[in-house]
Amino acid sequence: MKVLIIEDEAPAFRRLQKILEEIDPEIELLDVIDSVEETVKWMKYHAEPDLIFMDIQLSDGISFEVFDQVEIKTPVIFTTAFDEFMLRAFKVNSIDYLLKPIKIEELRQSLTKFQSIRGNQAKVHPDFQVLLEEIRRDQKSFKSRWLLRLGDKLTSVSTSQISYFYTSNGVIHLMTDSGKSFLMDQNLEQIQAQLDPQEFFRANRQIILHFKSIAQVERYHKGKLFVHLEPASKEPIIVSAERASEFKSWLDK
């Protein structure tokens, strides 16, 4: 089976490639592409693969935009780390998807499903245009990348790499999953307005955290909550009794 991977994050690509090799060493990886523009070019000048793994958010836009520009008859398994509005759209259109980080058993099930419907073109090829319209209608415009200063250098960090934003001695910092801290030139209110509230929560006046950064939550004094983060924060993270109910509801979505 010949496979094309469309993914703009190297760790995600390497994980997917490794799991595919574990499931079936005979799977042939044709190429890895990281943008809408390059995907369109590739599809125009190459024979279609047997199966495409396609990330939702690419380096230059949403991957569904590919279907505006080129006809793809190959079945697609979408990979996503995003929220439920996309999952609803997938279910409506009978498209298979995998949530990141991809697990080997879920990928195995998707490949089994692909093999079972391979000869049924009606199931393999849903209406991608309908899906694209639904995504555009429902999607809110949240920031996907941040240009940051590191000394005299500039670097770009994906929102998906962020664990939390915090205030220390009046200065705003961004903390990544890998434990790197960057200075910000915006206040927390400005930052919060650019974040997806499904993914991020303003725990108190000092911090906005991503749900994946929460290692543990403990009951604290008089209805408050004590939040342990990973990477660990320098200051204790306390959610007030007034916000505790909202915080727990956010965690339970």
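Details of the structure are given in the entry above.
Reading guide: rules and limits
- Residues numbered from 1 in each chain as written.
- Predicted model: local features only at pLDDT ≥ 70, side-chain atom pairs only at ≥ 80, totals over all residues.
- Heavy atoms only, no water.
- Helix = DSSP H or I, 4+ residues; strand = E, 2+ residues; numbered from the N terminus.
- Buried < 20%, exposed > 50% of the residue type's maximum accessible area, 1.4 Å probe, protein only.
- Polar contact = N/O pair within 3.5 Å; in protein donor to acceptor, adjacent residues only side chain to side chain.
- Patch = residues over 30% accessible without salt bridge, like charges linked within 9 Å, V, L, I, M, F, W, Y side chains within 5 Å.
- Areas by Shrake-Rupley, 256 points an atom, 1.4 Å probe, with all protein chains shown as cover.
- Salt bridge = Lys/Arg side-chain N within 4 Å of Asp/Glu carboxyl O.
- Pairing = 2+ DSSP bridges.
- Axes fitted to C-alpha atoms, helices over the stretch in contact; angles between N-to-C directions.
- Arc of directions from axis to C-beta.
- Contact = heavy atoms within 4.5 Å.

A.B. asks: Please give an account of the environment of Q161 that cites residues and values.
C.D. replies: Following the sequence through the fold, Q161 ends up in the loop between β9 (153-158) and β10 (162-168). The exposure class of Q161 is partly exposed, given its relative accessible area of 38%. Spatially, the C-alpha atom of Q161 lies 8.8 Å from that of M175, the residues being 14 residues apart in sequence. From its side chain, Q161 meets the backbone nitrogen of S158 in a polar contact 2.9 Å long.

A.B. asks: For a nonpolar patch on the surface, give the residues involved together with the corresponding values.
C.D. replies: A contiguous nonpolar patch, built from F211, V217 and L251 and spanning about 240 Å² of accessible area, is present on the exposed surface. Relative to the elements of secondary structure, V217 occurs in strand β15 (residues 214-219). Overall, V217 belongs to the partly exposed group, its relative accessible area being 33%.

A.B. asks: Account for the sheet that holds strand β2 (residues 28-33), naming residues and giving values.
C.D. replies: Hydrogen bonding along the main chain pairs the strands of a sheet, whether they run parallel or antiparallel. Judged by pairing direction, the sheet is parallel, and its 5 strands sit side by side in the order β2-β1-β3-β6-β7 without closing on themselves. Two strands lie at the open edges of the sheet, namely β2 and β7 (96-99), each paired on one side alone. Strand-to-strand twist in this sheet, taken as the mean axis angle between neighbours without regard to direction, amounts to 20 degrees. In terms of strand pairing, strand β3 (residues 51-55) meets strand β6 (residues 76-80) through 4 bridges, oriented parallel.

A.B. asks: For helix α9 (residues 241-251), give the residues involved together with the corresponding values.
C.D. replies: Of the residues making up α9, those classed as buried are A244, F247 and W250. What you see down the axis of α9 is that its buried residues fit within an arc of 130 degrees, all on one side. Buried residues belonging to α9 abut β13 (200-204), β14 (207-210), β15, β16 (225-229) and β17 (237-239).

A.B. asks: With reference to specific residues and values, describe the pattern of salt bridges.
C.D. replies: One pass over the full model with this rule turns up 6 salt bridges. A salt bridge links E37 to K41; the nearest nitrogen and oxygen atoms lie 3.5 Å apart. With E37 and K41 both in helix α2 (residues 36-45) and 4 residues apart, the pair spans about one turn of that helix. Residue classification places K41 among the partly exposed positions, given a relative accessible area of 41%. A salt bridge links K41 to E38; the shortest N-O distance between them is 3.7 Å. Of the two residues, K41 and E38 are both situated in helix α2; the distance of 3 residues between them amounts to about one turn of the helix. Relative accessible area serves as the criterion here: at 36%, E38 is assigned to the partly exposed category.

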